Amino acid sequence: MTSTDSTSAADFSVDHPRIEKAVREILAAVGEDPDREGLLETPARVARMYAEMFSGLHKDPSIHLQKVFTESYDEVVLIKDINFCSMCEHHLLPFTGKAHVGYLAEGKVVGLSKLARVVEEVARRPQVQERMTEQIANLVETELGARGVAVVLEATHSCMTMRGVKKPGSMCMTSSMRGVFRENLSSRAEILGLIMGSAR
Ligand SMILES: Nc1nc2c(ncn2[C@@H]2O[C@H](COP(=O)(O)OP(=O)(O)OP(=O)(O)O)[C@@H](O)[C@H]2O)c(=O)[nH]1
Ligand SMILES: [Zn+2]
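What you see is a predicted model, and the numbers here were worked out from it, not measured in a lab.

A. Looking closely at the overall build of the protein chain. Check the secondary structure of the protein chain and you find 7 helices and 7 strands. The helix and strand sequence of the protein chain, counted from the amino end, reads α-α-β-β-β-β-α-β-α-β-α-β-α-α. Structurally, the protein chain occupies a C-alpha span of about 65 × 45 × 25 Å along its principal axes. Per-residue burial for the protein chain yields a buried fraction of 28% across its 200 residues. Considering only contacts in the protein chain between residues 6 or more positions apart, those separated by 24 or more positions represent 73%.

Below, the structure written as structure tokens:
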């Protein structure tokens, strides 16, 4: 198993025919004709789309943080602007935005791409933004044993912009601070300055 494929041996395989059947039902229920030409392939497309959007559901993202490099570096490592696309579990509509993931190294660092892989895998599930933020912070804290972890997510929720309250442009920001970044106000201000501030 490589770090680019954390699917377990007991991989759960998405049930495409079941999704296809359900999508036909939805089309019929909204008054469409699932057998008209333009819709014939839609159930299969939607099944493939869900398989992709929920591909992180049965994966273990911690696997990406297993390989570390021993370094004397003991300052902040921050990856900013990691684009992600997740699915709001309330409406099954996308929420999209950027994740910023930082940690205070202590004798070991992880490959930079691995933080983005963690974000990607945690995003590809039915999610709420707060839980996604915490899951990323938990993984980095636990697997790297970092002295501090800071995760900030900024995202636009389609369920708030396209429907319902309809507030295009609204943005949800969440943060999860661990260790030094939670306990020490000046450390927290420093990392938030790097994430949100003039360094942008
Ligand atoms: N806290 C949180 N709420 C979310 C997230 N994604 C969507 N929601 C909210 O989930 C809520 C679901 O509310 P409900 O009242 O059960 O559903 P609804 O009738 O469709 O609500 P409206 O969106 O207000 O029309 C809404 O307020 C959404 O804005 C998220 O990531 N975190
Ligand atoms: Zn929603």
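B. Structural view of the UniProt feature "binding site: Zn(2+)" (unreviewed entry) in the protein chain. Under the UniProt annotation, "binding site: Zn(2+)" (unreviewed entry) lies at Cys88, His91 and Cys159. Despite a sequence span of 72 residues, these residues sit close together in the fold, their greatest C-alpha distance being 7.9 Å. By secondary structure assignment, the location of Cys88 is in strand β2 (residues 76–88). Among the residues examined, Cys88 registers 18 C-beta atoms within 10 Å and is labelled partly exposed. Not counting residues within four places of it along the chain, the set of residues in contact with Cys88 comprises Leu93, Phe95, His157 and Cys159.

C. Expanded view of the packing of helix α3 (residues 112–123) against helix α4 (residues 129–144). Orientation of α3 relative to α4, taken along the N-to-C sense of each, is 140°, at an axis distance of 10 Å. Compared by their axis directions, α3 and α4 come out oblique. Every pair of crossing elements has a handedness; the one defined by α3 and α4 is right-handed. Here Val118, Val119, Val122 and Ala123 of α3 lie close against α4, whose contacting residues are Met132, Gln135, Ile136 and Leu139. Its residues placed into classes, the contact of α3 with α4 shows 7 nonpolar, 1 polar and no charged.

D. Representation of the domain arrangement of the protein chain. Assigned domains of the protein chain: these are domain 1 (16–53) and domain 2 (61–196). Taking only C-alpha atoms into account, the centre of domain 1 sits 33 Å from that of domain 2.

E. Molecular detail of the site of ligand 1. Cys88, His90, Val128, Gln129, Glu130, His157, Cys159, Met160, Gly164 and Val165 make up every residue found near ligand 1. In the shell around ligand 1, the residues fall into 5 nonpolar, 4 polar and 1 charged.

Criteria and thresholds
- Numbers given for residues are sequential positions, taken from 1 along each chain in its written order.
- Labels follow written order: the first chain is A, the first ligand is 1, and so on.
- Only residues with pLDDT of at least 70 get local features here, since the model is predicted, and only at 80 or more are side-chain atom pairs given and counted; chain-wide, interface and lining totals rely on the full set of residues.
- The helix and strand labels rest on DSSP assignments: H or I over at least four residues marks a helix, E over at least two residues marks a strand, and numbering proceeds from the N terminus.
- Whether a residue is buried, exposed or partly exposed is read from the other C-beta atoms within 10 Å of its own C-beta, which are placed from the backbone; 20 or more gives buried, 12 or fewer gives exposed, and intermediate counts give partly exposed.
- Note on contacts: each residue gets a C-beta atom placed from the backbone, and two residues are in contact if those atoms are within 7 Å.
- UniProt positions are given in the numbering used here, feature names are shortened, and annotations may be inferred rather than shown by experiment.
- Only the stretch in contact is used when fitting a helix axis, every axis being a line fitted to C-alpha atoms; angles between N-to-C directions are given from 0 to 180 degrees.
- The labels follow the angle: roughly parallel below 35 degrees, roughly antiparallel above 145, roughly perpendicular from 65 to 115, and oblique for the rest.
- Left-handed is the label given to a crossing in which the near helix is rotated counterclockwise from the far helix by less than a right angle, and right-handed is the label when the rotation is clockwise.
- Amino acids outside the nonpolar list (Ala, Val, Leu, Ile, Met, Phe, Trp, Tyr, Cys, Pro) and the charged list (Asp, Glu, Lys, Arg) are all regarded as polar, and Gly is one of them.
- Where each domain begins and ends follows an automated or database-derived domain assignment.
- Each residue receives a C-beta atom placed from its backbone. It is near a molecule or strand if this atom lies within 6 Å of it.

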